[in-house]
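# Geometric and topological summary
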Amino acid sequence: MIKRIVFATGNAGKMKEIRAILADLGLEVLSMKDVGVSADIEEDGSTYEENALIKSRAVAAGLRKDGRLEGTVVMADDSGLEIDFLNREPGVYSARYMGEDTSYRIKNANLIERLEGVEDERRGARFVCAIAAVLPDGHELTSRGVIEGRIGYEEKGENGFGYDPIFYVPEFGRTTAELTEAEKNRVSHRGHALRLMKEQLKEFTEGKNSPRSGEAGERIS
Ligand code: IMP
């Protein structure tokens, strides 16, 4: 029986989005900080999915060690910004781009500068997010979501975090930093990936309670 979700992130901005999207599951949604787990995790995978799995496995192992994994799904995400003109940089290295401690004012200004003189059609970019979940019985699930957009010509908007002020969404005519939280959650990479994960989790848990339980365990994408 699943009672709670522990999300392996220390990012308050992400946690806010995650809580809003997972609210309707009716489960307690906690951050690593809420459960007092800290993990210095080396995200050395070559894909978003690998990194998300590395994080969720590490936190699950920590909780198991303390005997606190019962009824807990450990989720983690890994995300990044891919800019076509820069051969999909910064990609899986988005958080580490120009150094982990460099401000996003500086990172965003740098990316705009690298696209100087590049016309609209070649400013294509996307945010990608993978979510991984480790279930109490050790099963693992992953999902992926994407939002397509363009890199703007200047920073705009105060909402969101990270690269949001330079990520322009044509459908809205605004950057993701100019969207309300609800608007962003509806269209964002993390929103899509989390909703897919929610569906997988529901199918998995419902499948386990049905006579065809054996097959559900194979539904790992
Ligand atoms: P992660 O925390 O390892 O997944 O790294 C994600 C990186 O991509 C961070 O640098 C974030 O700032 C950036 N990123 C991911 N999602 C978003 C978003 O929704 N808005 C802005 N930046 C994002």
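These lines cover the structure that appears in this document, whether it is placed above or below. (Residues numbered from 1 in each chain as written. Predicted model: local features only at pLDDT ≥ 70, side-chain atom pairs only at ≥ 80, totals over all residues. Heavy atoms only, no water.)

### Observations concerning a negative patch on the surface
On the surface, Asp40, Glu42, Asp44 and Glu50 cluster together into a patch of negative charge. According to the relative accessible area criterion, aspartate 44 is exposed, its value standing at 57%. (Patch = residues over 30% accessible without salt bridge, like charges linked within 9 Å, V, L, I, M, F, W, Y side chains within 5 Å. Areas by Shrake-Rupley, 256 points an atom, 1.4 Å probe, with all protein chains shown as cover. Salt bridge = Lys/Arg side-chain N within 4 Å of Asp/Glu carboxyl O. Lys, Arg positive; Asp, Glu negative; His and termini not counted. Charge placed at Lys NZ, Arg CZ, Asp CG, Glu CD. Buried < 20%, exposed > 50% of the residue type's maximum accessible area, 1.4 Å probe, protein only.)

### Regarding the site of the ligand
The environment of the ligand is made up of 17 residues, and the closest members are Lys14, Ser79, Tyr104, Asp164 and Arg190. At a separation of 2.6 Å, an oxygen atom of the ligand approaches a polar side-chain atom of lysine 14. Aspartate 78 is positioned with one of its side-chain polar atoms (N or O) 3.1 Å from an oxygen atom of the ligand. Expressed as a share of its isolated accessible area of 490 Å², the protein-covered part of the ligand is 93%. Elements that contribute at least two residues to the shell around the ligand include exactly strand 3 (72-83) and helix 5 (189-208). With three residues, strand 3 is the largest single contributor of residues to the shell around the ligand. Partitioning the shell around the ligand into residue classes produces five nonpolar, five polar and seven charged. (Near = heavy atom within 4 Å. Polar contact = N/O pair within 3.5 Å; in protein donor to acceptor, adjacent residues only side chain to side chain. Helix = DSSP H or I, 4+ residues; strand = E, 2+ residues; numbered from the N terminus. Nonpolar A, V, L, I, M, F, W, Y, C, P; charged D, E, K, R; others polar.)

### Focus on the environment of aspartate 84
As for its position among the elements, aspartate 84 is in the loop between strand 3 and strand 4 (89-90). On the basis of relative accessibility, which here comes to 36%, the residue aspartate 84 falls in the partly exposed class. Placed 101 residues apart in sequence, aspartate 84 and asparagine 185 show a C-alpha to C-alpha distance of 24 Å. When sequence neighbours within four positions are dropped, the list of residues in contact with aspartate 84 reads Gly124, Ala125 and Arg126. Side chain to side chain, aspartate 84 and arginine 126 meet in a polar contact 3.0 Å long. (Contact = heavy atoms within 4.5 Å.)

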